[in-house]
Amino acid sequence: MAAVIDVPPSPVRLKAVAAPGQPEPTPALEQLYRGFEQELLVPLWTEIGDLMPPQPRSKAAAHLWRWERLKQLAGEAGRIVPVGRGGERRAIALANPALGGRPFATPTLWAAIQYLMPGENAPEHRHTQHAFRFVVEGEGVWTVVGGDAVRMSRGDFLPQAGWNWHAHHNAATEPMAWIDGLDIPFAYMTESQFFEHGRDAISEAEQGTPERSRSERLWGHPGLRPLSQPADTAGSPLLAYRWADTDRALADQLALEDEGHPGVVSAGHAAVRFTHPGTGRDVMPTIRCEMHRVRRGGRTRAWREVGSSVYQVFDGTGSVRVGGQQWRVQRGDLFVVPSWVPFQAQCDADAPLLDLFRFGDAPIFEALHQHRVQVDAE
Ligand code: 1HN
C-alpha cells in the first residue's frame, strides 16, 4: 500500500480575475497560480491595491461603547470574578468589531474598563508594555508604582511607563472603575513583550493612602526639574497629572480667547497634551494623551491623522463624527477613531462644555517620520 503523505493545504489562494493590470484568466494562468500556491509564492500584481493604498485604509472600525453598559457589566464581574494571580486584573477590554474578536481597540491600542471592589488588591507585576489609567469618576483606589502609592481620583491621568512594578488597592468602601490604555496590540504585533510577576501582596507601608505620591513631590512642580533625578527617562516620572491642573489649563485657554488673546487651538476648542516633565515630549514612547475642551455650542475643526486614537468623554454632552458615523455622547462613553479617518466633535448648545480625554499612537509614527495630519479649514 502506498504511504499517505499529509501535505498541509497551502494558505496561499490566488484567483485569476479580469481587472486592470491583471493578465487574462486562461488555463495557463490558472496553472501558473496553482504552482505559486504550491510553492508559497504571491505575485505583487494580485496584491498591490491592498498593500499600497494611496492613503491609509484602516482595518479597524469606528465604534462606540456606552459607559453605563460597561460599568454595569464590570460591576457584575466584580461580584462574580475574583482578582488575583493568573488573570492579574479585573480588566475588560474593548474589542474592535473589525479586528477579529481580539481585545484590540485599534491595531496598536488596548483600552479596558478595570474594576476593583472595596478592600481588594490587584497583585504586583511588570511588563514592557506602556500603560496609563484615566479616572472618569470615583475615587478610593491607589496604584502602587515601584512602592510609591498614588491616589486615583476623578479626572486624574496616571501614566505607567513600561517595566515598572505596579499593583493597585482599593482602600475605600465603594467599588471603583477606571480605564486602562496600553500599547498591547503594538507589542503583540512587533513580538517585543516581556512580563514578570512581582509580590502577591505589597507591604502594609505601601498600602498607605497618601494625598500626594513621592513622584508628585519630586516632579509635580511646573517648570521645576529635581536635579537629583535623571531627566530623559523613556516614560514620564510624574505618576499623576491632577484634574485641578488640567481643568485650570483648559479654562485659562478659553478665558484668554474671551479676552481676545491667543490660547485655543481653534475657535472654541482648548486642548492640552500630557507631557514628560523632564523632556517636554509625550508621556510615553508609544502613547500620546491629551484633554480637549469644546465650549458651549462650539466645535472642533475636522481633522484626520496617521495612527489611531481612543476617546473617552470626561464631561458634558455633544456629538462626535468619525468618518461617516455620528454619535451623541455623554460622560464615560468611549469611541475609536481609526487611522486617517476624519474626526470632529461638537458641544451641545445646552451643555456648559464637552471634555474629551484622548489617547493615540502618534509618537510611534512621529519617531518613524511617518506621521501626517490634515486639518480642514474652519
Ligand atoms: C495591566 O497590568 C493592567 O496594571 C491593566 O492595571 C490592564 C491588560 C493586559 C495586561 C496587563 C494594570 C492590563 C494589564
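For clarity, every value in this text was computed on a predicted model and none was experimentally measured.

*Asks:* What is the right way to look at the sheet that holds strand β10 (residues 176-182) in this model?
*Replies:* Across a sheet, paired strands are connected by hydrogen bonds in the backbone, their directions being either parallel or antiparallel. Spatially, β2-β3-β10-β5-β8 is the arrangement adopted by the 5 strands of the open sheet, whose pairing is antiparallel. The open sheet has two free edges, formed respectively by β2 (91-93) and β8 (157-160), since each of these has just one partner strand. When strand polarity is set aside, the average angle formed by the axes of neighbouring strands in this sheet is 25 degrees. As paired strands, strand β5 (residues 131-134) and β10 are joined by 4 bridges and run antiparallel to one another. The residue bridging A131 from the neighbouring strand is L182, located in β10.

*Asks:* Even after reading the chapter, I still don't get the site of the ligand, so can you show me in this structure?
*Replies:* Looking at the ligand, the residues that line it are R89, W110, Q114, H125, H127, R133, H166, H168, D180, L182 and I184. The side chain of Q114 places a nitrogen or oxygen atom 2.8 Å from an oxygen atom of the ligand. Burial of the ligand by the surrounding chains reaches 86%, relative to a free accessible area of 330 Å². Elements supplying a minimum of two residues to the shell around the ligand: β3 (110-116), β4 (121-127), β9 (166-170) and β10. Here the residues of the shell around the ligand are counted per class, giving 3 nonpolar, 5 polar and 3 charged.

*Asks:* Hey, could you run me through unusual backbone geometry in this one?
*Replies:* Even without being a glycine, W340 presents a positive backbone phi close to 65 degrees. Residue placement: W340 occurs in the loop between β18 (334-337) and β19 (343-347). A residue is classified by how much of its surface remains accessible, and W340, at 11% relative accessible area, is buried. Even without glycine at this site, H369 takes up a positive phi of about 60 degrees. As for its placement among the helices and strands, H369 is situated in the loop between α7 (362-367) and β21 (373-375). Residue class for H369 comes out exposed when judged on its relative accessible area of 74%.

*Asks:* Any chance you could explain the environment of E120 here in plain terms?
*Replies:* In this structure, E120 sits in the loop between β3 and β4. By relative accessible area, E120 is classed as buried at 17%. In this structure the C-alpha to C-alpha distance between E120 and H371, which are 251 residues apart in sequence, comes to 42 Å.

*Asks:* Could you clarify how one ought to interpret the packing of aromatic side chains in this entry?
*Replies:* Centre-to-centre distance and the angle between the planes together describe a pair of aromatic rings. This structure, assessed with the given rule, holds 20 aromatic pairs. Between F157 and F357, the ring centres sit 6.0 Å apart and the planes meet at 40 degrees, which makes this aromatic pair tilted. You can see F157 sitting in strand β8 and its partner F357 sitting in strand β20 (residues 353-360), a full 200 residues away along the chain. Exposure class is identical for F157 and F357. Each is buried. Through successive ring pairs, a cluster of aromatic residues spans F132, F134, F157, Y241, W243, F274, F314, F357 and F359. Positioned above the aromatic ring of F314, the side-chain terminus of R154 is 3.8 Å from the ring centre.

Conventions used here
- Note that residues are indexed from 1 along each chain, following the sequence as it is written.
- Where totals are concerned, whole chains, interfaces and linings use all residues; where local detail is concerned, this predicted model gives features only for residues with pLDDT of at least 70, and gives and counts side-chain atom pairs only at 80 or more.
- The side-chain values count all of the structure's non-hydrogen atoms but skip hydrogen atoms and water molecules.
- DSSP-based pairing: two strands are paired if at least 2 bridges between them are found.
- Secondary structure is summarised from DSSP: a helix means a run of H or I of at least four residues, a strand means a run of E of at least two, and numbering begins at the N terminus for each.
- Each axis is a line fitted through C-alpha atoms, taken for helices only over the stretch in contact, and angles between the N-to-C directions span 0 to 180 degrees.
- Only a single heavy atom is needed: when it lies within 4 Å of a molecule or strand, its residue is near that molecule or strand.
- Whenever two N or O atoms come within 3.5 Å, that pair is a polar contact, provided that in protein one can donate a hydrogen and the other can accept it, and provided that, for residues adjacent in sequence, both atoms are side-chain atoms.
- Where accessible areas are quoted, they stem from the Shrake-Rupley method and a 1.4 Å probe; at the residue level, only the protein chains shown are allowed to cover.
- When residues are grouped by polarity, Ala, Val, Leu, Ile, Met, Phe, Trp, Tyr, Cys and Pro land in nonpolar, Asp, Glu, Lys and Arg in charged, and all others, Gly among them, in polar.
- The classification of residues rests on relative accessible area computed with a 1.4 Å probe and restricted to protein chains. Under 20% of the type maximum is buried, over 50% is exposed, and intermediate values are partly exposed.
- Side-chain rings of Phe, Tyr and Trp, where Trp is taken by its six-membered ring, are said to pair if the distance between their centres is within 6.5 Å; with planes under 30 degrees apart they count as stacked, over 60 as edge-to-face, and otherwise as tilted.
- When the NZ atom of lysine or the CZ atom of arginine is within 6 Å of a ring's centre and also within 35 degrees of its normal, the charge is said to sit over that ring.

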